[in-house]
Amino acid sequence: MSKPETRAQWQQLADQVQLRNQCLIEGQWVAAASGRGFGCISPIDGRTLTVVADGGGEDIDRAVASARAAFEDGRWSKRTPTERKQSLLRWADLIEANAVDLALTESLDMGKPVADALNIDVQGTLRCIRWTAEAVDKVYGEVAPTGHKELGLITREPLGVIGAIVPWNFPMLMASWKLAPALATGNSVVLKPSEKSPLSALKLGELALEAGIPAGVFNIVTGHGPSAGEPLALHMDVDGLVFTGSTGVGRHLLQCAGRSNLKRTYLECGGKSPNIVFADAPDLKRAARAAANAIFFNQGEVCTAASRLLVESSIREEFVAEVVKAGRRLQPQHPFEPGAAMGAIVDEGQMERVLGFIAKGQSQGAELALGGQRTLVDTGGYYIEPTIFDRVQPQHSIACEEIFGPVLSVIEFSDEVDALRIANDSPYGLAAGLWTADINKAHRVARELRAGSVWVNYWDGGDMTAPFGGYKQSGNGRDKSLHAFDKYTEMKATWIRLG
Ligand code: NAD
């Protein structure tokens, strides 16, 4: 399908888009065992898109049993890496052929600009699946440096059944970061998408079946965290649990693993990422535009959002003025509007939560420099203006807690030591950025920042070639790159005595 150009064209396609709403278990589309469903509401206009199966413990049990049977009989796990690669590449081709539908589904379900869904979410998903599929038949085992009389083989084997629990901010992309390495290495999967954005995952499941990934290998149970996610996390027959979401839920999942079978548990959690601008930054106007994009992209609903802007005292006033100028241009619009910089906040609850933080920022004494209001109320959707607070103190709630919305906190610092102290004074350690023309300072500061990704003179660099994940309470383990395979495989040492 050719790419729509106007809002009317996108709307016309949206009116025809087919949305799946049942669980996928053993290759069959099924209602929840309880018969219950929940309304899937579009944040664009508050309209109910469809009623989705509200899966629970019984559905999880069936999906895990299906994944286990598939794993044990080898219908996927015992295919050669090259055969699995070929199926995954076919899957990617089908995703590409359905790119417009998938982008629309994502935008309708969670409110992001449809052009971003197409150019970033779908493209990122394709790149993830293709890169991982291409890698999997090029990874070798090892031979231990043993003595003459023995042979030590170090090999990797799939874990077995993987439970994957993912969030709503990049639903399809976050799912693909788990699905691609899990499936490529031969595991079976039970995916639990977020109840706020379950629809694109179901389309991925449909296309996986069409691509020849056998029934039972990739199962999907839609439903809520406590009723569908938790039984998966507690399940005695799940070997690995991979999660992207909030630090609070991640903490709970580690407890579930401890209370059940010590399943391998890997978490990609929250962040409160510092973006440090030194007075000697090479191009302050570019840095200011980047600072605004780094918080307002995807409505601020990004784990690596640059939500803390640390600015050196001598340039604070002029720099903040530039950021405000750049932020003012990024007003939310209907997500089908060409060029929309921001869309809708995922749901009413999240909108209220963000507005609550804005009220707290004001009551704790920060200076509101831009925005601060709900907007486009007439649409029936949930939109918030790009919001900037100046003169924020590091102890203010808006500087410490993850807001996950379009709210920037500007904090002043006096020198390099002060900047690092403020930047690292956080339970999170997902990402950080710094801007300077001094290469020594860039390396010094980058080394001292306690974060899994550090960007120098830009924000949000990186692709499938580098690992992604957090220090501290931002998580453990890494998605993307060959390092992602570590999470989905056990390492075996086989010793052979040579006669
Ligand atoms: P969330 O933690 O509320 O939900 C994530 C998933 O966990 C959902 O599928 C939800 O249903 C499930 N869940 C909730 N309670 C559960 C429970 N008791 N047992 C099992 N599962 C449960 O997070 P969210 O609001 O969907 O997403 C936003 C969060 O995700 C932010 O904190 C953000 O920083 C984080 N995130 C992190 C990354 C990363 O790579 N580090 C990427 C994207 C988002």
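Definitions and limits used
- Residues numbered from 1 in each chain as written.
- Predicted model: local features only at pLDDT ≥ 70, side-chain atom pairs only at ≥ 80, totals over all residues.
- Heavy atoms only, no water.
- Domains from an automatic or database assignment.
- Contact = heavy atoms within 4.5 Å.
- Buried area = accessible area lost by both parts, 1.4 Å probe.
- Salt bridge = Lys/Arg side-chain N within 4 Å of Asp/Glu carboxyl O.
- Polar contact = N/O pair within 3.5 Å; in protein donor to acceptor, adjacent residues only side chain to side chain.
- Buried < 20%, exposed > 50% of the residue type's maximum accessible area, 1.4 Å probe, protein only.
- Helix = DSSP H or I, 4+ residues; strand = E, 2+ residues; numbered from the N terminus.
- Pairing = 2+ DSSP bridges.
- Right-handed = clockwise from strand over helix to strand, strands pointing away.
- Expected span 1.5 Å × (residues − 1).
- Disulfide = S-S within 2.5 Å.
- Axes fitted to C-alpha atoms, helices over the stretch in contact; angles between N-to-C directions.
- Parallel < 35°, antiparallel > 145°, perpendicular 65-115°, else oblique.
- Left-handed = near helix turned anticlockwise from the far one by under 90°.
- Near = heavy atom within 4 Å.
- Areas by Shrake-Rupley, 256 points an atom, 1.4 Å probe, with all protein chains shown as cover.
- Nonpolar A, V, L, I, M, F, W, Y, C, P; charged D, E, K, R; others polar.
- Phe/Tyr/Trp six-rings, centres within 6.5 Å; stacked < 30°, edge-to-face > 60°.

Caption draft 1: Here's a closer look at the domain arrangement of the protein. When cut into domains, the protein gives domain 1 (7-269) and domain 2 (274-461). Facing 25 residues of domain 1, the contacting portion of domain 2 comprises 28 residues. Looking at the side of domain 1 facing domain 2, the largest losses of area belong to Arg 7, Ile 44 and Trp 168, adding up to 27% of the total buried there. Joining domain 1 to domain 2, the criterion identifies two salt bridges. A salt bridge links Lys 196 to Asp 347; the shortest N-O distance between them is 3.6 Å. Our count for the domain 1 to domain 2 interface comes out at nine residue pairs in polar contact (both at pLDDT 80 or more).

Caption draft 2: A look at the pairing of strand S20 (residues 431-435). Within S20, five of the five residues are buried, which leaves the element mostly enclosed by the surrounding structure. With three bridges joining them, strand S12 (residues 274-277) and S20 adopt parallel strand pairing. Note on S20: the bridge partner recorded for Val 277 is Trp 435. Handedness of the crossover joining S20 and strand S21 (residues 453-456) through helix H15 (residues 439-448): right-handed.

Caption draft 3: Structural context of helix H3 (residues 81-97). With 17 residues, H3 should cover 24 Å at 1.5 Å per step; its first-to-last C-alpha distance of 24 Å lies within 8% of that length. The complete set of buried residues in H3 reads Arg 84, Lys 85, Ser 87, Leu 88, Leu 89, Trp 91, Ala 92, Leu 94 and Ile 95. Packing partners of the buried residues in H3 comprise helix H4 (99-110), helix H5 (114-136), helix H6 (171-184), helix H7 (199-210) and strand S9 (218-220).

Caption draft 4: Quick look at the state of the cysteines. Tallied over the full model, the rule gives zero disulfides. This cysteine, Cys 40, is not joined by any disulfide, and Cys 23 carries the nearest cysteine sulfur, 13 Å off.

Caption draft 5: Representation of the packing of H3 against H5 in the model. At a closest axis distance of 8 Å, the pairing of H3 and H5 adopts a crossing angle of 165°. If you check the angle between H3 and H5, you find them roughly antiparallel. Our pair here, H3 against H5, has a crossing hand that is left-handed. Where H3 abuts H5, its residues Pro 81, Lys 85, Leu 88, Leu 89, Trp 91, Ala 92, Asp 93, Ile 95 and Glu 96 lie against Val 122, Thr 125, Leu 126, Ile 129, Arg 130, Ala 133, Glu 134 and Val 136.

Caption draft 6: Quick look at the site of the ligand. Lining the immediate environment of the ligand, one finds 28 residues, of which Lys 192, Glu 195, Ser 246, Cys 269 and Glu 402 sit closest. Contacts to the ligand include Gly 225, whose backbone N or O atom sits 3.4 Å from an oxygen atom. One of the backbone nitrogen or oxygen atoms of Cys 269 is found 2.7 Å away from a nitrogen atom of the ligand. Protein chains shield 90% of the accessible area of the ligand, which is 840 Å² for the free molecule. Elements represented by at least two residues in the shell around the ligand include exactly helix H8 (225-234), strand S10 (240-244) and helix H9 (247-259). Residue composition of the shell around the ligand, grouped by class: 14 nonpolar, nine polar and five charged. The two domains that each donate at least three residues to the shell around the ligand are domain 1 (7-269) and domain 2 (274-461).

Caption draft 7: Structural detail: the packing of aromatic side chains. The full count for this structure, using the stated rule, is six aromatic pairs. Seen in terms of ring centroids, Trp 91 and Phe 218 are 6.1 Å apart; in terms of plane orientation they differ by 65°. Their pairing is edge-to-face. Taken as a pair, Trp 91 in helix H3 and Phe 218 in strand S9 lie far apart in primary sequence, 127 residues in all. Phe 218 matches Trp 91 in its accessibility class, with the two residues each being buried. For the ring pair Phe 278 and Phe 413, a centre distance of 5.4 Å and an interplane angle of 75° mean the geometry is edge-to-face. With a gap of 135 residues between them, Phe 278 in the loop between S12 and helix H10 (284-296) and Phe 413 in strand S18 (residues 407-413) connect regions that are remote in the sequence. Each member of the pair, Phe 278 as well as Phe 413, carries the same accessibility label: buried.

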